[in-house]
Amino acid sequence: MTTDLPVSPAVRRSAELEAQLAGDPGRFRVLTGDRPTGALHLGHYFGTLHNRVRLQDLGVDVFVLIADYQVLTDRDVAERLTEHVEGLLLDYLAIGIDPARATVFNHSAVPALNQLLLPFLSLVSVAELGRNPTVKDEIAHSRQSAVSGLMYTYPVHQAADILFCKGNLVPVGQDQLPHLEITRTVARRFNERYGNVFPEPDALLSAAPLLLGTDATKMSKSRGNSIALGADADETARLIKGATTDAERHITYEPERRPGVSSLVLLAALCLDRDPHAVAEEIGNGGAAGLKRTVTEAVNAAMAPIRARRAEYAQDMGYVRGVLRAGNERANAVAEATLMEVREAMGMFR
Ligand code: ATP
Ligand code: MG
């Protein structure tokens, strides 16, 4: 699908990676994850979740991280953690993550992973941490009066998340690109100083690396502008009805000039697996009301099977929690092996 997004080096690189994936999926190991700060939304689905399942189905070894410590980057207390973690597990299962082939874990349950943060922090400067544009944006939206040390250092923690399992492919949204650069820097510098231990991972962008929310800024679970995967049809209709559009009646797809309208067009196009220009043309003079009707129908139709599976899994929470327990066991074994290698490379006494 063409979405008129600027062809950045990251977009070009993603196309190259797609070609390599088709030829040799076994060469890749994927790590991605989400913060348990709320329900997963359509931005997640089209930005990264859809890619995770596609890669899993191609035969790539996929690790999915529930980033519980990272909830504390922009708030004092991680509230309703259990509820949010269980919500993520239900969403993963509903979209098709298969626990027999993928490893789902939460990083507070994997101590060896967290220990990698210490040597990794020594590999980046304070100035490098301060320059990160995503961290700056998150500080602007933070709900804390003072910025914590964790906010500045969490991209290095993410390097530990990715490198503990030697992940070399990370399907993410655009906001994660600066963090991936830090991970690549950490891996490169570690290898230069201590010998070759880590891959330099690549980001894999989807066709929607930055889906906008109902207020026409990045759709985020913490910003009250998202449509959750698990929302029902009526709630979806209500949220889309309240979405920001503009005063022009004729509907077009022009992401730069008309971000609100174009983001709704793109959402419908993604759900219908069609070209956004064609979708806009069809709505034509239908105005914002016609656009919202099309988007609501498309979202509800695309999400119906996912929502049904989510409700089914919710009947058996014992099974759902067991998925995380088994994933944590595997993640711990992998993390301990990597930590051992790291300590050996660094010449630490054992
Ligand atoms: P929060 O507001 O709590 O930070 P979030 O909605 O930004 O939540 P994260 O858990 O921080 O979600 O991000 C999880 C993954 O989803 C990341 O790979 C991120 O790049 C991707 N992602 C998040 N929002 C979007 C979006 N609007 N469009 C595309 N990808 C997104
Ligand atoms: Mg985020």
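- Per an unreviewed UniProt entry, the chain goes by the name Tryptophan--tRNA ligase and belongs to Streptomyces glycanivorans.
- The record held by UniProt for the chain lists under Sequence similarities (unreviewed entry) the comment "Belongs to the class-I aminoacyl-tRNA synthetase family."

## Structural notes on the site of ligand 1
Then comes step 1: In the vicinity of ligand 1 there are 22 residues, among which Thr37, Asp175, Lys218, Lys221 and Ser222 approach most closely.
Then comes step 2: For ligand 1, an oxygen atom lies 2.6 Å from a polar atom in the side chain of Asp175.
Then comes step 3: Relative to its unbound accessible surface of 600 Å², ligand 1 loses 94% to contact with the protein.
Then comes step 4: Elements with a minimum of two residues in the shell around ligand 1: β1 (29-34) and α2 (42-58).
Then comes step 5: Counting residues per element, the shell around ligand 1 draws most heavily on α2, at four residues.
Then comes step 6: Counted by class, the shell around ligand 1 contains six nonpolar, eleven polar and five charged residues.

## A closer look at the pattern of salt bridges
Then comes step 1: Enumeration according to the criterion identifies 25 salt bridges in this entry.
Then comes step 2: Ionic pairing is found between Asp61 and Arg29, a salt bridge with its closest N-O pair at 2.9 Å. Linking Asp61 in strand β2 (residues 61-66) with Arg29 in strand β1, this pair joins segments that are 32 residues apart in sequence.
Then comes step 3: Judged by its relative accessible area of 23%, Arg29 falls in the partly exposed class.
Then comes step 4: A salt bridge links Arg184 to Asp202; the nearest nitrogen and oxygen atoms lie 3.6 Å apart. One end of the pair, Arg184, is in helix α9 (residues 177-194); the other, Asp202, is in strand β5 (residues 202-204), and 18 residues separate them in sequence.

About the criteria used
- Residues numbered from 1 in each chain as written.
- Chains lettered and ligands numbered in written order.
- Predicted model: local features only at pLDDT ≥ 70, side-chain atom pairs only at ≥ 80, totals over all residues.
- Heavy atoms only, no water.
- UniProt positions renumbered as here; feature names shortened; annotations may be inferred.
- Near = heavy atom within 4 Å.
- Polar contact = N/O pair within 3.5 Å; in protein donor to acceptor, adjacent residues only side chain to side chain.
- Areas by Shrake-Rupley, 256 points an atom, 1.4 Å probe, with all protein chains shown as cover.
- Helix = DSSP H or I, 4+ residues; strand = E, 2+ residues; numbered from the N terminus.
- Nonpolar A, V, L, I, M, F, W, Y, C, P; charged D, E, K, R; others polar.
- Salt bridge = Lys/Arg side-chain N within 4 Å of Asp/Glu carboxyl O.
- Buried < 20%, exposed > 50% of the residue type's maximum accessible area, 1.4 Å probe, protein only.

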